[in-house]
Structure formats: structure tokens, C-alpha cells
Amino acid sequence: MPVGRLDQDTSGLLLLTNDTHFAELVTNPDYKISKTYLVKASTPLDEDQLEQLRKGVMLKDGPTQPAIVKRVRDSGKYTFLELTIREGRNRQVRRMIEAIGSKVLKLVRTEIGGLRIGDLPIGKYRELLPAEVKMLIPLREKTNR
């Protein structure tokens, strides 16, 4: 079964599992598993706008938690950034970028809880490496306490 989802206009990392406890751990916002996205914004974003994301922005369903934001590059009329959140609201990244006056042109999830997509081609899959499974075990144990 898929762990979480990607909306129609988002690509990137999606985990599959037969472990329902693991799926709950990753998808339930109470566990605050980080998800990192590469964002192409429709306008250049200044430092004040990025700082708003870092502090959290107000959405219709309430304020977001602070995000980790890294400017990847500016390219003429676009800004590319890496955005890490620990919530899982519907279309959250898109709505956060809109809240600071821009729009998302491209959105790719690159990481979930420390697992990175790396150079895995679109539409392909692979099993987790033993070291990646070990990395997830401490996360699972925390939820069993």
C-alpha cells in the first residue's frame, strides 16, 4: 500500500509498504516525520518571503509550523528552493508558497524522514537498503513508547 500520497501535479518519492504501523508513523502528522520538496516558484523570492516560510505562514486552516527553507538558486524570473515541513496538510507546500505571493510551477518530493530519492528514475522503484531500514527503526521505536 502507498504511504501517503502525491497530488496530481507533484512527483517524487513515494514509499510502499505492507506494514500498517509504519504507514501510520509516516503519514500521521502527530509523528512529525519530515518531508522535503524541491520547489520551482513562479517569481523570484526575496529573503523576507523565505523568512516568512521559516517562521510559518497563515493558511485558511490555521498557521503552519515553521519550515526549513534553503535557496537552491535563482534563475531569471524563478526561484528554486528546498522546503522541509513536518505537517501533511492537503496541498500544503503549494498553499504556503501562495501565502507569500507566488505560485508553485514544479514540486518534487525528494525526501521522507531522512530517506532521499537520489537518482532513482521517474516511475521506477527499489527496495530499501538495510542501512535505510535501520535508520527507520529508531523512528518506529519512539512511537511504541
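A brief report on the enclosed structure follows. Everything numeric in this text was worked out from a predicted model, so none of it was measured. All chains use their own residue numbering, which begins from 1 and follows the written sequence. A pLDDT threshold of at least 70 governs which residues receive local features in this predicted model, and a stricter bar of 80 or more applies before side-chain atom pairs are shown or counted, although totals over entire chains, interfaces and linings include all residues. Excluding hydrogens and water, the side-chain values take into account all heavy atoms of the structure.

Let us now look at the overall build of the chain. Counting its secondary structure elements, the chain contains 4 helices and 10 strands. Note on conventions: DSSP H or I runs of at least 4 residues are helices, E runs of at least 2 residues are strands, and numbering of each starts at the N terminus. The linear arrangement of helices and strands in the chain, starting from the amino end, is β-β-β-α-β-α-β-β-β-β-α-β-β-α. Restricting the calculation to C-alpha atoms gives the radius of gyration, and the globule rule supplies 2.2 Å times the number of residues raised to the power 0.38. Taken over the C-alpha trace, the chain has a radius of gyration of 16 Å; the compact-globule value for 145 residues is 15 Å, and the two agree within 12%. Projected onto its principal axes, the C-alpha positions of the chain cover 40 × 35 × 25 Å. For the chain, the proportion of its 145 residues judged to be buried stands at 39%. By definition in these notes, contact holds between two residues if any of their heavy atoms fall within 4.5 Å. Considering only residue pairs separated by 6 or more positions, the chain has 63% of its internal contacts joining residues 24 or more positions apart. Every accessible area reported is derived by Shrake-Rupley at a probe size of 1.4 Å, with residue values counting cover from the shown protein chains alone. Of the roughly 9,000 Å² that the chain leaves accessible, carbon and sulfur atoms contribute 52%. Computed over 26 positive and 19 negative side-chain charges, the inter-centroid distance for the chain is 2 Å. Partly exposed describes any residue whose relative accessible area lies between the buried limit of under 20% and the exposed limit of over 50%, with all areas from a 1.4 Å probe on protein chains only and scaled to the type maximum. Counted as positive: Lys and Arg. Counted as negative: Asp and Glu, with His and the chain ends omitted from the count. Charged groups are reduced to one reference atom each: NZ for lysine, CZ for arginine, CG for aspartic acid, CD for glutamic acid.

So, about the pairing of strand 4 (residues 35–41). In terms of burial, strand 4 is largely enclosed, as 5 of its 7 residues are buried. Pairing of strand 4 with strand 8 (residues 78–85), which is carried by 7 bridges, proceeds in the antiparallel orientation. Bridged to Val39 within strand 8 is Leu81. Paired strands are those between which DSSP finds at least two bridges. Where strand 4 meets strand 9 (residues 104–112), 7 bridges bridge the pair, whose relative direction is antiparallel. Counted as the bridge partner of Val39 is Leu107 from strand 9.

Turning next to the nonpolar core. Residues belong to a common nonpolar core when they are buried Ala, Val, Leu, Ile, Met, Phe, Trp, Tyr or Cys residues joined through side-chain atoms within 4.5 Å. Core analysis: the biggest nonpolar cluster contains 19 residues, and Val39, Leu53, Leu83 and Val93 have the highest contact counts within it. Only strand 4, helix 2 (47–55), strand 8, helix 3 (92–99) and strand 9 provide two or more residues apiece to this core. When residues no more than four places from it in sequence are discounted, the contact partners of Val39 are Thr79, Phe80, Leu81, Leu83, Val93, Ile97, Val104, Lys106 and Leu107. Leu13, Leu15, Ile33 and Ile112 belong to the second largest nonpolar core, which has 10 residues in total.

The definitions used throughout rest on a 1 Å grid laid over the protein atoms alone, on which a cavity is an enclosed set of points accommodating a 1.4 Å probe that cannot get out and a pocket is an open set flanked by protein within 12 Å on both sides along at least five of seven lines; lining residues are those having an atom within 4 Å of a point. Grid points are joined across faces, edges and corners, and a volume is the space filled by probe spheres set on the points. In this structure, the second largest pocket spans a volume of roughly 370 Å³. Taken together, 22 residues line the second largest pocket, and the ones lying closest to its centre are Arg5, Tyr37, Gly88, Arg89 and Arg109. Only Asp, Glu, Lys and Arg are considered charged in this grouping, and only Ala, Val, Leu, Ile, Met, Phe, Trp, Tyr, Cys and Pro are considered nonpolar; every other residue, Gly among them, is considered polar. Taken together, the residues of the lining of the second largest pocket sort by class into 8 nonpolar, 6 polar and 8 charged.

A pair of aromatic rings is counted whenever rings of Phe, Tyr or Trp (Trp by its six-membered ring) have centres within 6.5 Å, and the orientation is called stacked for planes under 30 degrees apart, edge-to-face for over 60 and tilted otherwise. Under the counting rule described, the total for this entry stands at 0 aromatic pairs. Whether a charge sits over a ring depends on NZ of Lys or CZ of Arg being within 6 Å of the ring centre and within 35 degrees of the ring normal. Residue placement shows Lys40 over the ring face of Tyr78; its charged tip is 4.4 Å from the ring centre. For the cation-ring pair, Arg73 lies above Phe80, with the distance from its terminal atom to the ring centre recorded as 4.0 Å.

Moving on, we come to the side chain of Ser34. One can find Ser34 in the loop between helix 1 (20–27) and strand 4. Its relative accessible area of 11% is what places Ser34 among the buried residues. Beyond its immediate sequence surroundings of up to four residues, Ser34 is in contact with Thr84, Ile85, Arg86, Glu111, Ile112, Gly113 and Gly114.

Before going further, it helps to spend a moment on helix 3. Considered for burial, the residues of helix 3 that qualify are Gln92, Val93, Arg94, Met96 and Ile97. The elements touched by buried residues of helix 3 are strand 2 (10–12), strand 4, helix 2, strand 5 (58–59), strand 8 and strand 9. Looking at the residues trailing helix 3, positive phi occurs at Gly101, about 95 degrees.

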